[in-house]
Amino acid sequence: METLYEKITDALVDDGYIVIEDALSPSLNQSLLTYVQELQTYKRAGISSSDALHVDSSRRRDKIHWLDEDGGAMSGFLSFADGLKNYLNRSLFLGLSYYEAHFAKYEEGDFYEKHLDAFQNSKNRVVTTVYYLNDRWHQEDGGTLLLYDKEERLLQEIAPKNNTLVIFLSEQFPHEVLPAKQTRYSIAGWFRVDKK
């Protein structure tokens, strides 16, 4: 994992983001893929600000389930994230205190409008991660992640292909999810500097 952590760290310093295909071990990927497809407890995601959370289906339509230690697939992913947090803190002195993540399920027609992950006037989310869990995904299936720079120029279109990991600085890259044309799964997560 050290090589992967180093690659991520170098990219965050140089470019502020990275896209890695075949990122995690096939066994962990398969365990997560099975888990997310069998999960039945998704809830409608909300739009958050520093002091409020509300559902707004004109801006966001995905459903989520928060990750927690389970001794299995979720713990495996959280262990990877914890190792990355420690590496980033040692290498870049970011002061990351914890990591939170949820599974996201986008059904046909679901999307998420362009947004930043760090809330205005609140420096809580520092680094964003997105990990895709979609076997045999094709371009025509939609659900593409569009990543923009601070001037809102398109940097990259990222298809949500299985075992692809996207990491970027939360305050610097607006992004959106285009409407999915079939069910699309991911894990969205954030390294934070505030307290739980």
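The structure this text deals with has already been given above.
Residues numbered from 1 in each chain as written. Predicted model: local features only at pLDDT ≥ 70, side-chain atom pairs only at ≥ 80, totals over all residues. Heavy atoms only, no water.

Novice: Which residues make up the environment of K114, and what are the values?
Specialist: Relative to the elements of secondary structure, K114 occurs in strand β7 (residues 112-115). Taking the relative accessible area as the measure of exposure, K114 reaches 32% and is therefore partly exposed. Each residue touching K114, except ones within four places of it in the same chain, is listed here: Y148, E152, P174, H175 and E176. Looking at K114, its side chain comes within polar contact range of the side chain of E152, at 2.8 Å. (Helix = DSSP H or I, 4+ residues; strand = E, 2+ residues; numbered from the N terminus. Buried < 20%, exposed > 50% of the residue type's maximum accessible area, 1.4 Å probe, protein only. Contact = heavy atoms within 4.5 Å. Polar contact = N/O pair within 3.5 Å; in protein donor to acceptor, adjacent residues only side chain to side chain.)

Novice: How would you summarise the sheet that holds strand β12 (residues 175-177) if you had to cite specific residues and measurements?
Specialist: The strand order across the open sheet built from 4 strands is β7-β12-β9-β10, with neighbouring strands paired in antiparallel fashion. The open sheet is flanked by β7 and β10 (154-158), the only strands paired with a single partner. On average, each strand axis in the sheet is inclined to that of its neighbour by 10°, with strand direction left out of account. In this sheet, β10 lies alongside strand β9 (residues 145-148) in antiparallel orientation, the contact comprising 4 bridges. Residue pairing across strands places L145 opposite I158, the latter belonging to β10. (Pairing = 2+ DSSP bridges. Axes fitted to C-alpha atoms, helices over the stretch in contact; angles between N-to-C directions.)

Novice: Give me the nonpolar core: which residues, what numbers.
Specialist: Core analysis: the largest hydrophobic core is formed by 52 residues, its most contacted members being I8, L32, F77, F80, F103, L133 and I187. The element best represented in this core is helix α3 (residues 73-92), accounting for 9 residues. Leaving out residues up to four positions away in the same chain, L133 has contacts with N29, L32, L33, V36, F103, N162, Y185, S186 and I187. (Core = buried A, V, L, I, M, F, W, Y, C linked by side-chain atoms within 4.5 Å.)

Novice: Could you give an account of the packing of aromatic side chains, with specific residues and numbers?
Specialist: Tallying each qualifying case throughout the model produces 10 aromatic pairs. With 5.5 Å between their ring centres and 65° between their planes, Y17 and F173 make a pair best called edge-to-face. Of this pair, Y17 sits in strand β1 (residues 17-20) while F173 sits in the loop between β11 (165-169) and β12; the two residues are 156 residues apart in sequence, bridging distant segments of the chain. For Y17, a relative accessible area of 18% translates into the label buried. (Phe/Tyr/Trp six-rings, centres within 6.5 Å; stacked < 30°, edge-to-face > 60°.)

Novice: Outline the environment of A45, supporting the account with residue identities and numerical values.
Specialist: Following the sequence through the fold, A45 ends up in the loop between β2 (43-44) and β3 (47-48). Residues A45 and H65 lie 20 residues apart in sequence; the distance between their C-alpha atoms is 8.9 Å.

Novice: Which residues make up the environment of D14, and what are the values?
Specialist: Checked against the element boundaries, D14 lands in helix α1 (residues 2-14). Between the C-alpha atom of D14 and that of V36, which follows or precedes it by 22 residues, the distance is 33 Å.

Novice: Could you give an account of a negative patch on the surface, with specific residues and numbers?
Specialist: A surface patch of negative charge is lined by E2, E6, D10, D14 and D15. Looking at the element boundaries, D10 is found in helix α1. (Patch = residues over 30% accessible without salt bridge, like charges linked within 9 Å, V, L, I, M, F, W, Y side chains within 5 Å. Areas by Shrake-Rupley, 256 points an atom, 1.4 Å probe, with all protein chains shown as cover. Salt bridge = Lys/Arg side-chain N within 4 Å of Asp/Glu carboxyl O. Lys, Arg positive; Asp, Glu negative; His and termini not counted. Charge placed at Lys NZ, Arg CZ, Asp CG, Glu CD.)

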